[in-house]
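Fold and geometry: a report
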Amino acid sequence: MAFEPPYAPETRPAALRVVVAGMRSPEGAAPYRAFLKGLEAWLGERIEVFGRRTYVEVLEVLRRGEAELGFLCTLAAGLGVEEGFLEVVLAGDTRVPYQSLVVVRQASPYRTLADLAGRPFAFTDPLSNTGHAWPRLLARGLGKDFFARAFFTYGHDRALGAVLEGLAEAAAVDQVVYVSLGVKGLRVVAQGPVDPPPPVVVRKGLPREKKARWVKALLAHAQTPEGRRALETLALKGFLPSGDEPYRKVYRRAREVLP
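Definitions and cut-offs
- Residues numbered from 1 in each chain as written.
- Predicted model: local features only at pLDDT ≥ 70, side-chain atom pairs only at ≥ 80, totals over all residues.
- Heavy atoms only, no water.
- Helix = DSSP H or I, 4+ residues; strand = E, 2+ residues; numbered from the N terminus.
- Rg over C-alpha atoms; globule rule 2.2 N^0.38 Å.
- Contact = heavy atoms within 4.5 Å.
- Areas by Shrake-Rupley, 256 points an atom, 1.4 Å probe, with all protein chains shown as cover.
- Lys, Arg positive; Asp, Glu negative; His and termini not counted.
- Charge placed at Lys NZ, Arg CZ, Asp CG, Glu CD.
- pLDDT = per-residue confidence, 0-100.
- Axes fitted to C-alpha atoms, helices over the stretch in contact; angles between N-to-C directions.
- Parallel < 35°, antiparallel > 145°, perpendicular 65-115°, else oblique.
- Left-handed = near helix turned anticlockwise from the far one by under 90°.
- 1 Å grid on protein atoms, 1.4 Å probe; cavity = no way out; pocket = protein on both sides within 12 Å on 5 of 7 lines; lining within 4 Å.
- Points joined across faces, edges and corners; volume = space filled by probe spheres on them.
- Nonpolar A, V, L, I, M, F, W, Y, C, P; charged D, E, K, R; others polar.
- Core = buried A, V, L, I, M, F, W, Y, C linked by side-chain atoms within 4.5 Å.
- Buried < 20%, exposed > 50% of the residue type's maximum accessible area, 1.4 Å probe, protein only.
- Salt bridge = Lys/Arg side-chain N within 4 Å of Asp/Glu carboxyl O.
- Arc of directions from axis to C-beta.

Here we come to the overall build of the protein chain. Within the protein chain, the regular secondary structure consists of 9 helices and 12 strands. Whereas a compact globule of 259 residues would reach a radius of gyration of roughly 18 Å, the protein chain reaches 18 Å, a difference of no more than 12%. Taken along the three principal axes of its C-alpha coordinates, the protein chain extends 55 × 35 × 30 Å. A separation of at least 24 residues holds for 82% of the contacts in the protein chain among residues at least 6 apart in sequence. Counting every atom, the protein chain has about 11,000 Å² of accessible surface; 53% of that belongs to carbon and sulfur. Distance from the positive charge centre (36 side chains) to the negative charge centre (28 side chains) of the protein chain: 3 Å.

Given below as structure tokens:
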């Protein structure tokens, strides 16, 4: 298996090219790479795994055909489905509900989302459902300048780090990532509802037989001891069959608050 640097400008030929969205910083994406390394043995083919810094860049990789399969965030997947170049084949079977959490330092005085008006706030990515869209939806009616001092970190782990280091007073993150990281010294002051979990997607128009083979291999490898160990660190139990419509709905709901 070839592992390109996380933000390598070009991809190399492979039987299967997989792009992983930057829900974690590159060093935090090791479990995805470990899981996909095992998948190579199931397929008996070379796999190239790589990432991009932003969700928009990940979508462009798939749109241009530079990857066939992707591990995406929920909202970015919904955008790709809505625009007609992606289809969802599996959803993560998460150990905790997938929902947005707004977290602050344990010792901070904030008790509700409203208390954070005008405070430095860490978002993850403009196309993040839990790390951007939901906090904006939750803050509707709390003032147009509520997030005047917000910034993007391009990683849920980085957003949490920004709060711990005092760069932000709060951050919005995915509960699944939050639990998997086990970060201490933070507490939750607000949360969104449960949404469809981050999916596995493929580029639209690929041969059905090829897609079915990849799905079968992903499901089988997820049940091996090695696959379970890798997924455990991501707070995943495995994968479940899924389709496009739940993710399309997430995008349509969120687009009113997107940049």
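Further notes follow.
Scored by pLDDT, the protein chain comes out at a mean of 91, with 92% of its residues at no less than 70. The model gives residues 1-7 a pLDDT under 50, and that stretch makes 29 contacts with residues more than four places away or in other chains.

Turning to the packing of helix H1 (residues 30-43) against helix H7 (residues 208-222), a few remarks are in order. It is the contact of H1 with H7, at a shortest axis distance of 9 Å, that shows an interaxial angle of 120°. Comparing their axes, H7 and H1 come out oblique. When you trace H1 past H7, the crossing you get is right-handed. Touching Phe 35, Gly 38, Leu 39, Trp 42 and Leu 43 of H1 are Arg 213, Trp 214, Ala 217, Leu 218, Ala 220, His 221 and Ala 222, all from H7.

We now examine the layout of surface pockets. Using a probe with the size of a water molecule, rolled over the atoms, empty space left in the structure can be pinpointed. Considered as a void within the structure, the largest pocket measures approximately 160 Å³ in volume. Surrounding the largest pocket, Arg 136, Ala 139, Arg 140, Gly 141, Gly 143, Lys 144, Asp 145, Phe 146, Phe 147, Ala 148 and Val 257 form its lining. Residues that form the lining of the largest pocket fall into these classes: 5 nonpolar, 2 polar and 4 charged.

To continue, consider the nonpolar core. One finds Val 19, Leu 59, Leu 62, Leu 72, Leu 75, Leu 86 and Val 201 to be the most contacted residues of the largest nonpolar core, which totals 31 residues. Elements represented by at least two residues in this core include exactly helix H2 (55-63), helix H3 (74-82), strand E5 (86-94), helix H4 (129-138) and helix H9 (245-254). Sequence-distant contacts of Leu 62, that is, excluding residues within four places in its chain, are made with Val 19, Ala 67, Glu 68, Leu 69, Gly 70, Leu 72, Phe 85, Leu 86, Val 201 and Arg 203. Counting residues in each nonpolar core, the second largest holds 27 residues, with Leu 39, Val 49, Phe 71 and Val 200 among its members.

This brings us to the pattern of salt bridges. If you walk through the whole model with that rule in mind, you get 16 salt bridges. Across the pair Lys 237 and Asp 93 runs a salt bridge whose closest N-O atoms are separated by 3.8 Å. One end of the pair, Lys 237, is in strand E12 (residues 236-241); the other, Asp 93, is in strand E5, and 144 residues separate them in sequence. Its salt-bridge partner being Arg 140, residue Glu 256 comes within 3.0 Å of it at the nearest N-O pair. A residue pair is termed long-range when its members are at least 10 positions apart, and Glu 256 in the segment after H9 and Arg 140 in the loop between H4 and strand E8 (150-152) qualify at 116 residues.

Turning our attention to helix H8 (residues 225-232). Regarding H8, the residues found buried are Gly 227, Ala 230 and Leu 231. Seen end-on, H8 carries its buried residues on one side only, within an arc spanning 95°. Residues of H8 that are buried in the fold lie against H1, H7 and E12.

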